[in-house]
Amino acid sequence: MNIFHCCTHKTASQWVRAIFSDSRVQEFSGLQPYFYEDELLLKYGVQKPTEKVFNEPFPDNTVITPLYVDYESFCRARAMAHSPSFAFFVTRDPRDMLVSWYFSMKYSHQAIVDDVSLIRELLNSKPEKEGLKQSIRLLDSFDLFESIRSWINASSKDKNIVLIKYEDLTSKNNVKVFMDLFRGFGIDAPENTLREVLEEYRFESLTGRKKGIQDLQAHLRKGIEGDWINFLDDEILEELQNVAGGLPEKLGYKSRDELTWQNLCFYQRLSSEVYSDLCAAKTRISSIEGELSSSKQELSSTKQELSLRNSCLAEISQELSHTQEKLATAKSVIKRKSSAVKRLKARVSEQERQLCETVQNLRILENRIKQMESSKFWKIKRFLSSLTTKRCGMYL
């Protein structure tokens, strides 16, 4: 089975593609996403939806998402399919498409081809009103309105084709819308899974902004229905009417008066929500300010304690400095004493050496005396000495 996600630009095509590409959706659908437009852009560049080229069948069991085609081109593509196929075409109020396309081309659309850069330069060179008029002519030259017109009666011609509004896909009740869509294709979609997926792909979840709060630089600019009433005056609408030929009414979209009242109610509700958020933010700020005041007091106390500890540290550092000076002096004295001790040791060592030599000399002398005493000469000398002593005694 194949499912064809057909559409025109500015109908949340990449958003729908992301949902069908989500692994949780693939698990219950059993279909893999097939990005035909990516391959087409590489092969042929930008093509009108009325001039799409299909040279071979699409792979089975895939969701071809997105496919920017008119109804006739889709029929050519489907005729090549090997298996049964279903299709849904996403419509959108052409007036909102115009405004969305204008701001996207002027600010946020990626310049992946030269045409985007040229259109951006053109639109930025004109005032907003003239830029919107120029956008009508550019979209018409791209056969966008003709492509939408070709799908109006498609579902009546083929029961396997569903026309579904962008506004319904992105509404608060879009879980039911997607469930009905899948069931129409014979796919049993678990409500809890779909709800979980769609919650992650909500405008608020993706942007961090409430619907209606504008960001010109973002791909998801504002996310509301009927935003065109803020930008299209009667002159621009008349030009759109001449080109699109009452297309909004044929698709069942609301008039300016209906949308004005709807948007008034929406913005009143948004203002109330923003005011509630603001009050909550103020309460939170007040709480944070209290926490900040407490933190400041704690910081001040900590600074005082740190100052005291720094003073103590300074005193300890001073004492350490004095101690280090004393230690340096003691080291110097010890060094001098060590040198003196070394010198004394050397002197004692020298004296011990001299004493040893003297003792050795004395021993040598003592041995010589003993030798002499035992000699004959020494005996005669002693005898003569004794005679001399006796004679002296006689004379006395």
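Right above here is the structure, for reference.
The present account deals with the structure reproduced in this document.

## Comments concerning the pairing of strand β1 (residues 2-7)
Counting buried positions along β1 yields six of six residues, so the element is predominantly enclosed. Pairing of β1 with strand β3 (residues 62-68), which is carried by five bridges, proceeds in the parallel orientation. Of the residues in β3, the one forming a bridge with Ile3 is Val63. Where β1 and strand β4 (residues 85-91) come together, five bridges link them in parallel fashion. Note on β4: the bridge partner recorded for Phe4 is Ala87.

## Digging into the pattern of salt bridges
For the structure on display, the rule yields 18 salt bridges. For Asp93, the salt bridge identified is with Arg95, shortest N-O distance 2.8 Å. On the accessibility criterion, Arg95 (6% relative accessible area) is buried. One salt bridge in this structure joins Glu357 and Arg353, with 2.5 Å as the shortest N-O distance. Within this pair, Glu357 and its partner Arg353 are both found in helix α16 (residues 256-373), separated by four residues, close to a single helical turn.

## A word on the side chain of Asp227
You can see Asp227 is positioned in the loop between α13 (203-207) and α14 (234-244). Engagement of the side chain of Asp227 in a polar contact is seen with the side chain of Asn230, the distance being 2.9 Å.

## Quick look at helix α4 (residues 71-79)
Along α4, the positions that sit buried rather than exposed are Tyr71, Ser73, Phe74 and Ala77. Mapping the buried residues of α4 onto a view down its axis gives an arc of 155°, with all of them on the same face. Where α4 is buried, its residues contact β1, β4, α8 (144-150), α9 (154-157) and β5 (161-165).

## Thoughts on the nonpolar core
Considering soluble globular proteins, one finds that nonpolar side chains tend to be buried as a cluster. Within the largest apolar cluster, 30 residues are counted, with the highest numbers of intra-cluster contacts made by Ile19, Phe88, Leu169, Phe178 and Phe182. Broken down by secondary-structure element, the contributors of at least two residues to this core are β1, α1 (13-21), α2 (23-29), β3, β4, α10 (166-169), α11 (174-184) and α12 (191-200). Ranked by the residues each element gives to this core, the list is headed by α11, at six residues. Discounting residues that sit within four places of it in the chain, Ile19 has contacts with Val25, Phe178, Val197, Leu198 and Tyr201.

## Thoughts on the packing of aromatic side chains
Inspection of the entire model under this criterion finds 19 aromatic pairs. Aromatic pair Phe86 and Phe185: ring centres 5.6 Å apart, planes at 50°, arrangement tilted. With Phe86 in strand β4 and Phe185 in the loop between α11 and α12, the pair connects residues that are 99 residues apart, well separated along the chain. Of the two residues examined, Phe86 and Phe185, each falls in the buried class. Centre to centre, the rings of Phe88 and Phe185 are 6.0 Å apart; their planes meet at 35°, and the pair counts as tilted. Remark: Phe185 occurs in the loop between α11 and α12 and Phe88 occurs in strand β4; sequence separation between them is 97 residues. For Phe88, a relative accessible area of 0% corresponds to the buried category. Cluster of aromatic residues (ring-pair linked, three or more members): Phe4, Tyr34, Tyr36, Phe54, Phe58, Tyr71, Phe74, Phe89 and Trp151. Between the NZ or CZ atom of Arg17 and the centre of the ring of Phe35, over which it lies, the distance is 3.7 Å. Stacked on the ring of Tyr253, the Lys or Arg Lys165 has its end atom at 4.5 Å from the ring centre.

## Things to note about the sheet that holds β4
Spatial ordering of the open sheet is given by β2-β3-β1-β4-β5, a layout of five strands whose pairing is parallel. Pairing within the sheet leaves two strands with one partner each, and these edge strands are β2 (32-34) and β5. When strand polarity is set aside, the average angle formed by the axes of neighbouring strands in this sheet is 20°.

## Focus on unusual backbone geometry
Cis rather than trans, the peptide bond between Thr65 and Pro66 has omega equal to -15°. Tracing the chain through its elements places Pro66 in strand β3. The phi torsion at Ala12 lies on the positive side, around 60°, for a residue other than glycine. Residue position: Ala12 is located in the loop between β1 and α1. Of note in this structure, Asp143 is not a glycine but carries a positive phi near 65°. By relative accessible area, Asp143 is classed as buried at 14%.

What counts as what
For every chain, the first residue of the written sequence is number 1, and numbering continues from 1 along that sequence. Residues qualify for local features only when their pLDDT is at least 70, as the model is predicted, and side-chain atom pairs are given and counted only at 80 or more; totals for whole chains, interfaces and linings, by contrast, use all residues. The side-chain values count all of the structure's non-hydrogen atoms but skip hydrogen atoms and water molecules. Residue burial is assigned from relative accessible area. The probe radius is 1.4 Å, only protein chains are included, and a residue is buried under 20% of its type maximum, exposed over 50%, and partly exposed in between. A run of DSSP states H or I qualifies as a helix once it reaches four residues; a run of E qualifies as a strand once it reaches two. Both are numbered from the N-terminal end. By definition, two strands form a pair when at least two bridges between them are found by DSSP. When a carboxyl oxygen of Asp or Glu lies within 4 Å of a side-chain nitrogen of Lys or Arg, that pair is called a salt bridge. Counted as a polar contact is a pair of N or O atoms within 3.5 Å, where, for protein atoms, one must be capable of donating a hydrogen and the other of accepting one, and residues adjacent in sequence contribute only when both atoms are in side chains. Here the arc refers to the directions that run from the helix axis out to each C-beta atom. Any two residues having at least one pair of non-hydrogen atoms within 4.5 Å are treated as being in contact. The nonpolar core is taken to be a set of buried Ala, Val, Leu, Ile, Met, Phe, Trp, Tyr and Cys residues, with the residues joined through side-chain atoms within 4.5 Å. Centre distance within 6.5 Å is the pairing criterion for rings of Phe, Tyr and Trp, where only the six-membered ring of Trp is used; planes under 30 degrees apart are then read as stacked, over 60 as edge-to-face, and the remainder as tilted. Put simply, a charge is over a ring when the Lys NZ or the Arg CZ is close to the ring centre, within 6 Å, and near the line of the ring normal, within 35 degrees. Axis lines are fitted through C-alpha atoms, for helices just across the contact stretch, and the angle between N-to-C directions can take any value from 0 to 180 degrees.

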